[in-house]
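What the coordinates show
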Amino acid sequence: MEDFSNNNDMNTNASGDASYYVMKVMELALTNILAPVITLIGVFSNILTVFVFIKLGLKDGVTVSLCLLSVFDLIFYLFNLVTLILLLVKKLTGSWSVDPLTIVLFLVPYHRMFYDLANLVTCYIAVARCCCVVMPLQFKYTFSKYKTWAVIGVISLFFCAEYFPLFVTQRLSEQYYPSLNLTKIEIVYSANRENLVKILMDILNRNVLLVLTFLVCFICLLIITHGLRKASIFRNSVKTGAESGQKAKSSKHVTLSTSDLQVIKGIAVVLLVFIACNLPVIVTSMSRLLVPELTVGKRYNNMYFLVTNISNFILAVSGSCYWLVHYRFNSRYRRTLLVVLGYRRGTQPVVASTD
């Protein structure tokens, strides 16, 4: 994922490259108009979702994992918001001792870390729900809230350790320009910084880890969808009396309650949104490996900024619409959200769904 700081003012139009003007129009529409709207929606919807899950009580692994996913998405959107504000400041004001774009670039590793965190937590949710659909009795108590806290804690520590070299190989330092009689604060990188970025961010996270996460989520989505279809067929057959009582007792689907199935359906939709919104990012990342000139300042400079802006925008949409999925498929979330927003009185405790 790239941040919304693609400030490309090079009027280049090499053979085979995208039109500079098309690129700038898309940048204006996506980065300057639609991205701020999506970012604000992402910030407020995730704040609301975290508050609702906490109010519900973090009593099970599903609620804990979905709440932490919203926390990481919230931090990701806050970085987006800071980036957009700094770029706006840069356009509307004169020279600063600290260029706002310098701050944006300095924050990129932190921004990227929370994006990767959210992806891996989504992958954990996919695997956990997949296991509960395939073998509900065997995995009924496997993904408890304590184990979920532990797993996501380990994931967080892993990314902190992985990104630590990137954090310590950059610093802000004063640079004096005698010709301008001006001192500016700029980023100073260590000598091995470029290699670290290429290995950790470009190859490991942006390609290997992202593709593996994508494939795991895709496979889990197929398995969950198949399991839900079988559960639906079984329930319909029971209603019509097509199955004998003995078969009904021996069926593993009966162990999943209606409310469990609704939550799993919601998670399946979350995975579908995740896959759809991350696919452009994967295509862009793989294209950069296959076509080295698809990058800043190279032959396909304009095409790079065009596809990056489009993939960034599609990616930003994902985390801003998860609350709608929870609202549709999780009746406990829906009731609590209406209470929080003042549309329903909270005089009675929220109970498990029987939808």
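See the structure printed just above.
Residues numbered from 1 in each chain as written. Predicted model: local features only at pLDDT ≥ 70, side-chain atom pairs only at ≥ 80, totals over all residues. Heavy atoms only, no water.

Looking at the packing of helix H1 (residues 20–56) against helix H8 (residues 301–320)
- One can describe the packing of H1 onto H8 by two numbers: an axis separation of 9 Å at closest approach and a directional angle of 20°. Taken as axis vectors, H1 and H8 run roughly parallel relative to one another. As for how H1 packs across H8, the hand of that crossing is left-handed.
- Residue composition of the contact of H1 with H8, by class: 15 nonpolar, eight polar and one charged. (Axes fitted to C-alpha atoms, helices over the stretch in contact; angles between N-to-C directions. Helix = DSSP H or I, 4+ residues; strand = E, 2+ residues; numbered from the N terminus. Parallel < 35°, antiparallel > 145°, perpendicular 65-115°, else oblique. Left-handed = near helix turned anticlockwise from the far one by under 90°. Nonpolar A, V, L, I, M, F, W, Y, C, P; charged D, E, K, R; others polar.)

Examining the pattern of salt bridges
- For the structure shown, the criterion picks out two salt bridges.
- A salt bridge links Arg 112 to Asp 116, with the nearest nitrogen and oxygen atoms 3.9 Å apart. Here the residue Arg 112 and the residue Asp 116 both occupy positions in helix H3 (residues 100–134), the gap between them amounting to four residues, near one helical turn. Residue Arg 112 shares its accessibility class with Asp 116, and that shared class is buried. (Salt bridge = Lys/Arg side-chain N within 4 Å of Asp/Glu carboxyl O. Buried < 20%, exposed > 50% of the residue type's maximum accessible area, 1.4 Å probe, protein only.)

Regarding the environment of Thr 225
- Within the secondary structure layout, Thr 225 lies in helix H5 (residues 193–239).
- With a relative accessible area of 32%, Thr 225 lands in the partly exposed category.
- Between the alpha carbons of Thr 225 and Cys 130 there is a distance of 9.4 Å; along the sequence they are 95 residues apart.

All we've got here are geometric facts, nothing functional implied.
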